[in-house]
Number of protein chains: 2
Amino acid sequence: MALSLKNLGLYTDYYELVMAQGYFAWGKQDEKTVFDYFFRTNPYQGGFTVFAGLGDFLEMLGDFRFSDDDLSYLNNAGFKVDFIDYLKEFCFKGTIFSVKEGEIVFPGEPLMRIEANLAEAQLIESLLLNILNYESLIATKACRVKLATGKKVFADFGLRRAPGLGAIQASRASYIGGASSTSNVFAAKLYGIPASGTQAHAWIQSFANEIEAFRSFLDANPQHAVLLVDTYDTLRSGVPNAITAAKEFEKKGGRLYGIRLDSGDMAFLSKQSRKMLDDAGLGYVKILASNQLNENMVYKLLHEDNAPIDAFGIGTELVTGKPDAALDGVYKLAEIGGKNTMKFSDNIEKETLPGRKQLIRFCNPDGSFLCDGIFMETESIRSSDFMYNQFNQDIKTDFQSLAHENLLHLVFENGIIVPPIPDVMAAKKYQEERITLLPEAFKKLTGVPKYTVGISNELHKLRSELTKNNKNNFNDKLL
Amino acid sequence: MALSLKNLGLYTDYYELVMAQGYFAWGKQDEKTVFDYFFRTNPYQGGFTVFAGLGDFLEMLGDFRFSDDDLSYLNNAGFKVDFIDYLKEFCFKGTIFSVKEGEIVFPGEPLMRIEANLAEAQLIESLLLNILNYESLIATKACRVKLATGKKVFADFGLRRAPGLGAIQASRASYIGGASSTSNVFAAKLYGIPASGTQAHAWIQSFANEIEAFRSFLDANPQHAVLLVDTYDTLRSGVPNAITAAKEFEKKGGRLYGIRLDSGDMAFLSKQSRKMLDDAGLGYVKILASNQLNENMVYKLLHEDNAPIDAFGIGTELVTGKPDAALDGVYKLAEIGGKNTMKFSDNIEKETLPGRKQLIRFCNPDGSFLCDGIFMETESIRSSDFMYNQFNQDIKTDFQSLAHENLLHLVFENGIIVPPIPDVMAAKKYQEERITLLPEAFKKLTGVPKYTVGISNELHKLRSELTKNNKNNFNDKLL
């Protein structure tokens, strides 16, 4: 299943419509263009980014149309009748190449290449950025949490702190990036993600006392009950009552699945609880932890404190991408009317790369990722003897004879989605495969090196020419 | 207009359904309960919070039902047939008291009181928290930006960096909190918010050169054109070309509305641009600024650098609530089956307030806010001689004879929304009125004092009794 919303044409920035109308007025709406989607910085000061959101984006692109009501709205807003007539029949008819959903990607790389008419390429920009920026941010966070948990698992518990309806994308991206399940039932059903959850303080408070609340919960949920033990006092009340309830439940042939710690010092409480459970012969009862956790806290608990925690619930920081809040992905024009173009800047890191490009990954003999290269689409790798570091033209990387693969694949052709339709399960699986191929150094939570992304001979030459022409233009003017 | 989504019953955390089924199994689903919504910390280390999201929440509450498809999903997930039958007819039939949308509120205050049957009160928790936490976070950010801009205006430009579909709530909340318009056309139409926008680098690049791009844009948008001047070089190319185009446009009887600065040193560039425009007799052309701005940067530009900027576009930090990312709002049980209840903790700040409460604001003679008090619903103010500081029982505040008003109002009664239906325009207007009544000290962007929120005699007495009983329970156990 997938997210489907009817008539998303207005899910765009106002200036896209203003520009589209302008292009239409100048008869430029059908000029052929190529746009690139890329971001400039890995979130969380990390060493990589997990690309996500492709499935949602392509589905929503299919719904990118204007209802009669939308058109009246635009008419009232002052848009012209002939432009509104054009929008009446509007649907995206372009072609898109994209890296696979779940791919491990890096700053500056063209992750998506949109080949479309000028007006349609502009109208879909906001939707594309909105979905890909957010889902990639969250999938990357989830992947970092998973790197911290190692073989332990974690669930997305973020719905209540997620950004409104963005919770739907948050749960999808969390699962692709590394969560085992989600508490968000809407997203679970929509995308086929496993749903999970335990119990709240209100359950405990709704019974006369804690032990009765635990007994009742076990009775109602014999298969997979997790008891929340911090309503009154974790070690003096919660855990002893959970043990009593679990032992009674054993006599009926049942097994308590776990307890959940939700406040206090998780390292101390988990060790004490583990000992109390083990002493009672309840070695099988799992310990879950939640309470404003993030990847760094999880890492410390498991790898420094040796906390005997079996699973985590991660909420706020997962679904908000804290502390980054947004991936800085942008959508830039690379070709128009058959001519290469780029945005210039005094700061080379703010410049864009011109032309129709392919992203190529080079691998070590063991299959692990060595470096990536940005090539012209039609350029043969053999024609390049070396790559230039994207921002520092003095560094060259030899890459001949290395195993390599193209990362940009056709996903949308002349307005039609190209099977297979990106699927959440496939994206998660792909992410899991790919992250194992990323060398360990880039997977550290802090203090990561920079993964090499180079540009090819031809791309380097093209950018230099365009830059030189631009400088000459200014010199002419200054004369 | 308002956001309407059909069948939002699954927009809940999995454990709410598990607990609801458990309550149903124990015949407790119809027990009368009272829940409070409150948060513990003002975002952004600020002195206040703008309450927002009420309109969306109440609309979505009306859509909180389960489709046949949802019920099959739950059936496949292992929920029991009699519980699923119960959900078939489910709709929220409770009563809600809430502070008005746009109200200025503070930590620890009950902002919403939900009186409902146990099962329904639990099922709607996640939706309530999801919407209110996020919209209040963003409305508060917008209000801070507006405090920084003073009489200048700003637009929400956040769609492309907003968290997926949360962009819809982000634009709504931004407008309530202080934005003058939004770039998000979907939200603009849905809620009746003014839409605005300028032009992108792609427009400039799609023409042979910058001056032609400017001329063409003015021709297509004579009324309200804003020219983006940093595609090639702001001061050497963009502003001179904008001046040329504006002077030509003057000859045709038109007026260029403004230019937009989108990179570089905004203070320097705005001063240089202003001078160049003024020297050309274009004193009427406005200067807009955008580029990763937040309230602190806007404040510095206008109040320290004296930058001649007339309007701002605020994107990423506005719609993500950076650096906070989430309001820590929670939903806690205060009464069940006619009995007061609370959550205990060794940390008094983590304890909750029992019972059915009213929030009362006390004002200075000039109408400005002095302090707030949390009272029992049926308690007469006269019966209290003083209030207790919520977390420090030694501090007392005298409040007799002060002007005051109840802040909790009936908004939903026995499952039916109580008119007037909260409206975005009304909420914005109310926020604008109320923020003027908040003393200046609390409106500073940093280094704010703590606004006094007290609890009444009766509430203090009730909490003390319940706490004492809880301690006695433990002492009994330890014997």
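Scroll up to find the structure.
An account of the accompanying structure is given in this report. A quick note: this is a predicted structure, and the numbers were derived from the prediction, not measured.

## Some words on the overall build of chain A
Across its full length, chain A holds 16 helices and 21 strands. The dimensions of chain A, computed from C-alpha atoms along their principal axes, are 90 × 60 × 40 Å. Residues counted as buried form 62% of the 479 residues belonging to chain A. Summarising the internal contacts of chain A: among those between residues at least 6 apart in sequence, 74% fall at separations of at least 24. When the accessible surface of chain A is split by element, carbon and sulfur atoms take 51% of a total near 17,500 Å². Distance between charge centres in chain A, computed from 52 positive and 60 negative side chains, equals 4 Å.

## Let's talk about the relation of the copies chain A and chain B
Rotating chain A by 180° and translating it 0.0 Å along the rotation axis places it on chain B, where the RMSD comes to 0.0 Å. Classification of the inter-copy transformation places it as that of a two-fold axis. Among all residues of chain A, the one whose C-alpha sits closest to the rotation axis is Gly166(A), at a distance of 2.0 Å. Most of the interface of chain A is mirrored in chain B, where 100% of its interface residues are also at the interface.

## Quick notes on the packing of aromatic side chains
Enumeration over the complete set of coordinates arrives at 38 aromatic pairs over all chains. Ring plane angle 35° and centroid distance 6.4 Å describe the contact between Tyr232(A) and Phe344(B), whose orientation is recorded as tilted. Note that Tyr232(A) is positioned in the loop between β8 (226-228) and α11 (234-251) and Phe344(B) in the loop between β13 (339-340) and β14 (357-363), a pairing that runs across two chains. Exposure remark for Phe344(B): the relative accessible area of 11% places this residue in the buried category. A centroid spacing of 4.7 Å and a plane angle of 15° characterise the contact between Phe35(B) and Tyr331(B), whose relative ring orientation is stacked. With Phe35(B) in strand β1 (residues 32-38) and Tyr331(B) in strand β12 (residues 330-336), this pair connects stretches of sequence that are 296 residues apart. In this structure, Phe35(B) and Tyr331(B) share a single accessibility class: buried.

## Things to note about the sheet that holds strand β7 (residues 181-182) of chain B
Residues and elements named next belong to chain B. The six strands lie next to each other as β7-β6-β11-β10-β9-β8, forming an open sheet whose pairing is parallel. At either end of the open sheet lies a strand with only one pairing partner, and these are β7 and β8 (226-228). Judged from the four bridges that link them, strand β9 (residues 258-261) and strand β10 (residues 286-289) form a sheet pairing that is parallel. Counted as the bridge partner of Gly258 is Lys286 from β10. In this fold helix α6 (residues 125-149) packs onto β6 (153-156) and β11 (311-314), with an angle of close to 150° to the strand it touches most, β6.

## Considerations on the packing of helix α2 (residues 54-62) of chain B against α6(B)
All names here are of chain B. Here α2 crosses α6 at 160°, and the two axes come no closer than 9 Å. One way to sum up the angle between α2 and α6 is to call them roughly antiparallel. Note that α2 runs across α6; the crossing there is right-handed. Contacts between α2 and α6 involve Leu54, Asp56, Phe57, Met60 and Leu61 from the former and Leu127, Leu128, Ile131, Leu132 and Glu135 from the latter. Residue classes in the contact of α2 with α6 are distributed as eight nonpolar, no polar and two charged.

## What about the pairing of β6(B)?
Residue and element names in this part refer to chain B. Sheet analysis places β6 next to β11, joined by four bridges and oriented parallel. If you follow Phe154 over to β11, its bridge partner there is Phe312. For the handedness criterion, the β-α-β arrangement of β6, helix α7 (residues 167-177) and β7 is classed as right-handed.

## Things to note about the interface of chain A and chain B
Facing the 104 residues of chain A at the interface are 104 residues of chain B. Counting each side, the surface lost to burial between chain A and chain B is near 8,100 Å², with a carbon and sulfur contribution of 60%. When the buried area of chain A at its contact with chain B is split by residue, Arg160(A), Leu165(A) and Lys189(A) rank highest and sum to 10% of it. Applying the counting rule to chain A against chain B returns 10 salt bridges. Of the charged contacts in the structure, one is a salt bridge between Arg160(A) and Glu16(B), with a shortest N-O distance of 3.3 Å. For the pair chain A and chain B, the number of links is 45 residue pairs in polar contact (both at pLDDT 80 or more).

## Re the nonpolar core
Among the nonpolar cores identified, the biggest contains 298 residues, and Phe57(A) and Phe57(B) are the most heavily contacted of them. Those residues in contact with Phe57(A), other than ones at most four positions away along the chain, are Ile96(A), Met112(A), Ile124(A), Leu127(A), Leu128(A), Ile131(A) and Leu132(A).

## Brief notes about the environment of Lys429(A)
Residue and element names in this part refer to chain A. Here Lys429 shows up in helix α15 (residues 424-437). Residue classification places Lys429 among the exposed positions, given a relative accessible area of 53%. Distance from Lys429 to Gly177, taken between C-alpha atoms, is 9.5 Å for residues 252 residues apart in sequence.

## Section: the pairing of strand β5 (residues 112-117) of chain A
All names here are of chain A. Most of β5 sits out of view: six of its six residues are buried. As judged from the six bridges shared by strand β1 (residues 32-38) and β5, these two strands associate in the antiparallel manner. Across the sheet, the residue bridging to Lys32 is Asn117, located in β5. The pairing of strand β3 (residues 95-98) with β5 spans four bridges and is antiparallel. Within β5, the residue paired with Ser98 across the bridge is Met112.

## Quick look at the sheet that holds strand β5 (residues 112-117) of chain B
Residue and element names in this part refer to chain B. The seven strands are arranged β13-β12-β1-β5-β3-β19-β20 in an open sheet whose pairing can be described as antiparallel. In this open sheet, the two edge strands, each paired with only one partner strand, are β13 and β20 (416-417). When strand β19 (residues 409-413) meets β20, the two strands line up antiparallel, connected through two bridges. Opposite Phe412, over in β20, you have Ile417 as the bridge partner.

## Topic: the side chain of Arg260(A)
Within the element layout of this structure, Arg260(A) appears in strand β9 (residues 258-261). Owing to a relative accessible area of 7%, Arg260(A) belongs among the buried residues under this scheme. A distance of 3.5 Å separates the side chain of Arg260(A) from the side chain of Asp262(A), its partner in a polar contact. The contacts of Arg260(A), once residues within four sequence positions are left out, are Phe157(A), Thr198(A), Gln199(A), Val226(A), Leu227(A), Leu228(A), Val229(A), Leu288(A), Ser290(A) and Tyr15(B).

## Describing the packing of helix α1 (residues 14-25) of chain A against helix α4 (residues 81-88) of chain A
Residues and elements named next belong to chain A. In contact at an axis separation of 10 Å, α1 and α4 are set at 105° when each is read in the N-to-C sense. The angle between α1 and α4 places the two elements in the roughly perpendicular class. The segment α1 lies against α4, with Leu17, Ala20, Gln21 and Phe24 engaging Asp82, Phe83, Tyr86 and Leu87. Grouping the amino acids of the contact of α1 with α4 by side-chain chemistry returns six nonpolar, one polar and one charged.

## Topic: helix α1 (residues 14-25) of chain B
An α-helical segment advances 3.6 residues per turn. Residues three or four places apart therefore align on the same side. The end-to-end C-alpha distance of α1(B) is 17 Å, a good match for the 16 Å that 12 residues give at a rise of 1.5 Å each. Judged by how many residues are buried, α1(B) sits mostly within the fold: 10 of 12 residues are covered.

## What to know about the pattern of salt bridges
Pairing is possible between side chains of opposite charge, provided their charged atoms come close. Residue and element names in this part refer to chain A. As enumerated under the stated definition, the model contains 66 salt bridges over all chains in all. Salt-bridge contacts for Lys28 lead to Glu31; the nearest nitrogen and oxygen are separated by 3.2 Å. A relative accessible area of 7% places Lys28 in the buried class. By relative accessible area, which is 26% here, Glu31 ends up partly exposed. As a salt-bridge pair, Arg144 and Glu295 come within 2.8 Å of each other at their nearest N and O atoms. Remark: Glu295 occurs in helix α13 (residues 295-304) and Arg144 occurs in helix α6 (residues 125-149); sequence separation between them is 151 residues. One salt-bridge network, in which partners are shared between bridges, spans Glu103, Arg361, Asp372, Glu405 and Arg434.

## A word on the environment of Leu438(B)
By secondary structure assignment, the location of Leu438(B) is in the loop between α15 (424-437) and β21 (453-455). Among all residues touching Leu438(B), those that are not within four sequence positions of it are Phe48(B), Ile104(B), Phe106(B), Phe369(B), Lys443(B) and Tyr451(B).

## Considering the side chain of Ser136(B)
Residue and element names in this part refer to chain B. For Ser136, the position within the fold is in helix α6. We classify Ser136 as buried; its relative accessible area is 1%. A polar side-chain atom of Ser136 sits 3.1 Å from the main-chain amide nitrogen of Ala52.

## Looking at unusual backbone geometry
Here Lys322(A) and Pro323(A) are connected by a cis peptide whose omega angle stands at 0°. Notably, Asn7(B) is not glycine yet its phi reads approximately 55°, a positive angle. Here the phi dihedral of Asn306(B) falls at roughly 50°; this positive angle occurs in a residue that is not glycine. Tracing the chain through its elements places Asn306(B) in the loop between α13 (295-304) and β11. The exposure class of Asn306(B) is exposed, given its relative accessible area of 55%.

Cut-offs and rules
Residues numbered from 1 in each chain as written. Chains lettered and ligands numbered in written order. Predicted model: local features only at pLDDT ≥ 70, side-chain atom pairs only at ≥ 80, totals over all residues. Heavy atoms only, no water. Helix = DSSP H or I, 4+ residues; strand = E, 2+ residues; numbered from the N terminus. Buried < 20%, exposed > 50% of the residue type's maximum accessible area, 1.4 Å probe, protein only. Contact = heavy atoms within 4.5 Å. Areas by Shrake-Rupley, 256 points an atom, 1.4 Å probe, with all protein chains shown as cover. Lys, Arg positive; Asp, Glu negative; His and termini not counted. Charge placed at Lys NZ, Arg CZ, Asp CG, Glu CD. Least-squares fit on C-alpha atoms with pLDDT ≥ 70 in both. Phe/Tyr/Trp six-rings, centres within 6.5 Å; stacked < 30°, edge-to-face > 60°. Pairing = 2+ DSSP bridges. Axes fitted to C-alpha atoms, helices over the stretch in contact; angles between N-to-C directions. Parallel < 35°, antiparallel > 145°, perpendicular 65-115°, else oblique. Left-handed = near helix turned anticlockwise from the far one by under 90°. Nonpolar A, V, L, I, M, F, W, Y, C, P; charged D, E, K, R; others polar. Right-handed = clockwise from strand over helix to strand, strands pointing away. Buried area = accessible area lost by both parts, 1.4 Å probe. Salt bridge = Lys/Arg side-chain N within 4 Å of Asp/Glu carboxyl O. Polar contact = N/O pair within 3.5 Å; in protein donor to acceptor, adjacent residues only side chain to side chain. Core = buried A, V, L, I, M, F, W, Y, C linked by side-chain atoms within 4.5 Å. Expected span 1.5 Å × (residues − 1).

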